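Each chain, written out:
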Amino acid sequence: MKIEYKSASVSVDCDILVVFQDGSKKPIAVKSPYKALVEKSRKTNTFTASAGSTLFIPYGGKGSAKNVLFVGLGLEADLTLEKARQAGAHAFSKLTSEKMKTVSFLIDVLGESKNNDAAVSRAHAFMEGLVLSSYKFDKYKKKDPKKEVSSFGPEKVTMVSKDKKLKSDLTFVTKDLKDVYESVNITRDWSNEPSNYGTPEYYANEAVRIAKEHGISCKVLGEKEALKEKMGLFLSVSAGSDREGKIVVLDYHPKGAEKTVALVGKGVTFDSGGISIKPSMRMEDMKHDMTGAATLFGAAILAAKRKVKNRVITILAFCENMPGGDATQPGNVIIARNGKSVEIINTDAEGRLILADVLDYAQDYKPDFVLNAATLTGAVVVALGKQCCGLMSNDPENTEKLLQIGTEMHERMWHLPLFDEYFDDLKTDCADMKNSANDGNGGTIRGGIFLKQFIRKGTRWAHMDIAATAYGMGHIPYYPKKGASGMHVRAVAKFVAEFV
Ligand code: BES
Ligand code: ZN
Ligand code: ZN
């Protein structure tokens, strides 16, 4: 999707006009080329302008477009940025079903009754919802050569504002929307890739290619290098697969950077469970088990596109969890990079194992903060449902910051405790710890407390368990109905940018 900004109206298939509602649940007609049409719909009760409602009118009257789409925003006093974002998504869906290819979004009506700042942030959120809706994963579908190429949804969206004062803000918004669109869709593409194509090697090559385009330096460790690094836990997970595990290390290092944030992602390209094999029901979803890595990669790319001031080191640990002949067996004891021993009780608790070694590796860079993301536990879906991710941390100040950013961007997070006593459940006679306990209680926190054993004294750290939100988020209108959501890319990128 192309996004642009113009200070005069353009000739398009369809104009988008957002409309507020008054106390009597009727649309308010403000100054616009469609004022008379809104007034008419007020009388005929064809459109109430409630938040997210739409009315497509095939002839746009006095405007420069062939058609007009009214999009309701509800009562102005009740408007939140998330409501604006969701309204943008509803607009996208209507424009798609009406086959509108070029559209313009009339921004000035947003500032009629309020100040310009409100107009810009509302327009930004609306457009964000619209562009985030523009995603389809259909690369493996056979194209019908007889059908003319028709892409999905509008191809070009022009934001139109005649207000000269908004020029610099809207120029910035246009660029940022493009950056968000590209970065979030990289995350979605990665997550949706089937694991027969989306192998550790594939992601390593893609990371190198995309990093190069953004001036980020990048190196890849294979299993030989991981062995040199004594990453016993990482290698123990990859051992059951014929495909080689890869660890990608990206270093975005702008001149004069004062702080370093390390992002550490779980990239299990397929999680069969290993010897503790999973049931076959929905096992296909386990191609998404690398979404922690995909999310942090998307966030790192977004941060680089935005030229953030902090240094960002992104470490992505890719491997498959398979039950091959060399696979780790329950009862095996494995030595981690940091020297601690782990008794493997359940080979399906593999994410914490690979993260333990790469978290240790990340701390060699002496980062000011370490943030990891992982589809770590099924338990987080039980605990929190599909509205937020689980957040665990040893640093109250940045926990607060992450929660606040999550709320602001509607990429919500919820804080769970990591009391030391939770570690009691992971004690065992034959090693320093075991990778899972004997019952299913507090599964998400146990994952977090396991990771904490690999965080050095003085390192500030947070862990996001994104197993519930990584895919299947169609209840939020700007996420695809099925498959990867791309949630939390924007929030992590913002955290990285604002970290002090
Ligand atoms: N990849 C899974 C977690 C998961 C479950 C992600 C559902 C997405 C949806 C993880 O590796 C896993 O299997 N965890 C186990 C841990 C248990 C054995 C301690 C789980 O959650 O059951
Ligand atoms: Zn697993
Ligand atoms: Zn897993």
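As the structure is a prediction and not an experimental result, all values here were calculated from the model. (Residues numbered from 1 in each chain as written. Chains lettered and ligands numbered in written order. Predicted model: local features only at pLDDT ≥ 70, side-chain atom pairs only at ≥ 80, totals over all residues. Heavy atoms only, no water.)

**Describing the pattern of salt bridges**
Here the structure, examined in full by the defined rule, presents 39 salt bridges. In this structure, the salt-bridge partner of R85 is E82, at a minimum N-O distance of 2.6 Å. On the criterion of helical spacing, the pair formed by R85 and E82 is a turn pair, its members being three residues apart in helix 2 (residues 81–97). Comparing R85 with E82, the two get one shared label, buried. (Salt bridge = Lys/Arg side-chain N within 4 Å of Asp/Glu carboxyl O. Helix = DSSP H or I, 4+ residues; strand = E, 2+ residues; numbered from the N terminus. Buried < 20%, exposed > 50% of the residue type's maximum accessible area, 1.4 Å probe, protein only.)

**A look at the coordination of the zinc ion (ligand 2)**
Every protein donor of the zinc ion (ligand 2) is listed here as D271 (OD), D348 (O), D348 (OD) and E350 (OE), and their distances to the metal cover 2.0 to 2.2 Å. Each of the six donor atoms around the zinc ion (ligand 2) contributes to a set of angles spanning 71 to 168 degrees, which defines the coordination as irregular. Metal-to-metal, the separation of the zinc ion (ligand 2) and the zinc ion (ligand 3) is 3.2 Å; D271 coordinates the two. Here the residue D271 occupies a position in strand 9 (residues 260–271), and E350 occupies one in the loop between strand 12 (341–343) and helix 9 (351–363), the gap between them amounting to 79 residues. Among the residues examined, D271 registers a relative accessible area of 3% and is labelled buried. (Donors = N, O, S within 2.8 Å, 3.2 Å for Na, K, Ca; no water. Tetrahedral: all angles 85-135°; square planar, octahedral: opposite > 155°, others 65-115°.)

**With respect to the environment of G442**
When you line up the elements, G442 lands in the loop between strand 16 (433–434) and helix 12 (443–452). Taking the relative accessible area as the measure of exposure, G442 reaches 40% and is therefore partly exposed. Between the C-alpha atoms of G442 and A383, which are 59 residues apart in sequence, the distance is 8.6 Å.

**Some points on the coordination of the zinc ion (ligand 3)**
Donor atoms from the polypeptide that bind the zinc ion (ligand 3) are K266 (NZ), D271 (OD), D289 (OD) and E350 (OE), placed at 2.0 to 2.4 Å. Around the zinc ion (ligand 3) sit six donor atoms, and with donor-metal-donor angles ranging over 77 to 174 degrees the site reads as octahedral. Considered as a linear motif, the donors of the zinc ion (ligand 3) on their single chain read K-x4-D-x17-D-x60-E.

**Comments concerning the site of ligand 1**
Neighbouring ligand 1 are 17 residues, the closest being K278, D289, D348, E350 and G378. D348 is positioned such that a nitrogen or oxygen atom in its side chain is 2.8 Å from an oxygen atom of ligand 1. Look at ligand 1: alone it shows 520 Å² of surface, and the protein chains cover 78% of it. When grouped by side-chain class, the residues that make up the shell around ligand 1 number five nonpolar, five polar and seven charged. (Near = heavy atom within 4 Å. Polar contact = N/O pair within 3.5 Å; in protein donor to acceptor, adjacent residues only side chain to side chain. Areas by Shrake-Rupley, 256 points an atom, 1.4 Å probe, with all protein chains shown as cover. Nonpolar A, V, L, I, M, F, W, Y, C, P; charged D, E, K, R; others polar.)

**Observations regarding the sheet that holds strand 16**
Read from one edge of the open sheet, three strands run 11-12-16, paired in mixed fashion. At either end of the open sheet lies a strand with only one pairing partner, and these are strand 11 (333–335) and strand 16. Across three bridges, the pairing between strand 11 and strand 12 is antiparallel. In the strand pairing of strand 12, I335 is matched with S341. (Pairing = 2+ DSSP bridges.)

**Here we look at the packing of helix 11 (residues 396–408) against helix 13 (residues 489–498)**
Two elements in contact, helix 11 and helix 13, have axes separated by 9 Å at closest approach and are oriented at 135 degrees. With respect to helix 13, the element helix 11 is oriented oblique. Both helix 11 and helix 13 take part in a crossing whose hand is right-handed. Counting all contacts with helix 11, which are made through N398, K401, L402, I405 and E408, the residues of helix 13 involved are A491, K494, F495 and E498. Its residues assigned to classes, the contact of helix 11 with helix 13 comprises four nonpolar, one polar and four charged. (Axes fitted to C-alpha atoms, helices over the stretch in contact; angles between N-to-C directions. Parallel < 35°, antiparallel > 145°, perpendicular 65-115°, else oblique. Left-handed = near helix turned anticlockwise from the far one by under 90°. Contact = heavy atoms within 4.5 Å.)

**Observations concerning the packing of aromatic side chains**
Summed over the entire model, instances satisfying the criterion amount to 17 aromatic pairs. Ring centres of Y478 and Y479 lie 4.9 Å apart, and the angle between their planes is 65 degrees; on these two criteria the pair is classed as edge-to-face. Y479 carries the same exposure label as Y478, and that label is buried. Among the aromatic side chains, those forming a connected cluster through ring pairs are W190, Y202, Y203, F297 and F318. For K386, the ring lying beneath its charged end belongs to Y471, and the centroid distance is 5.7 Å. (Phe/Tyr/Trp six-rings, centres within 6.5 Å; stacked < 30°, edge-to-face > 60°. Lys NZ or Arg CZ within 6 Å of the ring centre and 35° of its normal.)

**Let's talk about the pairing of strand 13 (residues 369–374)**
Most of strand 13 sits inside the fold, with six of its six residues counted as buried. Side chains F369, L371 and A373 project from strand 13 onto one buried face, and the interleaved V370, N372 and A374 project onto a second face that is buried too. By the bridge criterion, five bridges tie strand 9 to strand 13 in an arrangement that is parallel. Opposite A262, over in strand 13, you have V370 as the bridge partner. Inspection of the sheet shows strand 13 paired to strand 17 (residues 461–465) by five bridges, in the parallel sense.

**As for helix 13**
The element helix 13 is extensively covered by neighbouring structure, given that eight of its ten residues are classed as buried. Of the positions making up helix 13, those classed as buried are V489, R490, A491, V492, A493, K494, F495 and V496.

**Section: the nonpolar core**
In terms of nonpolar packing, the biggest core is built from 62 residues, with W190, L263, F297, L371 and M464 touching the most fellow members. Ignoring any residue separated from it by four or fewer positions in sequence, one finds L371 in contact with A262, L263, V264, L296, L402, A462, M464, V492 and F495. Judged by nonpolar contacts, the second largest core, of 53 residues, contains C14, L95, M100 and A123. (Core = buried A, V, L, I, M, F, W, Y, C linked by side-chain atoms within 4.5 Å.)

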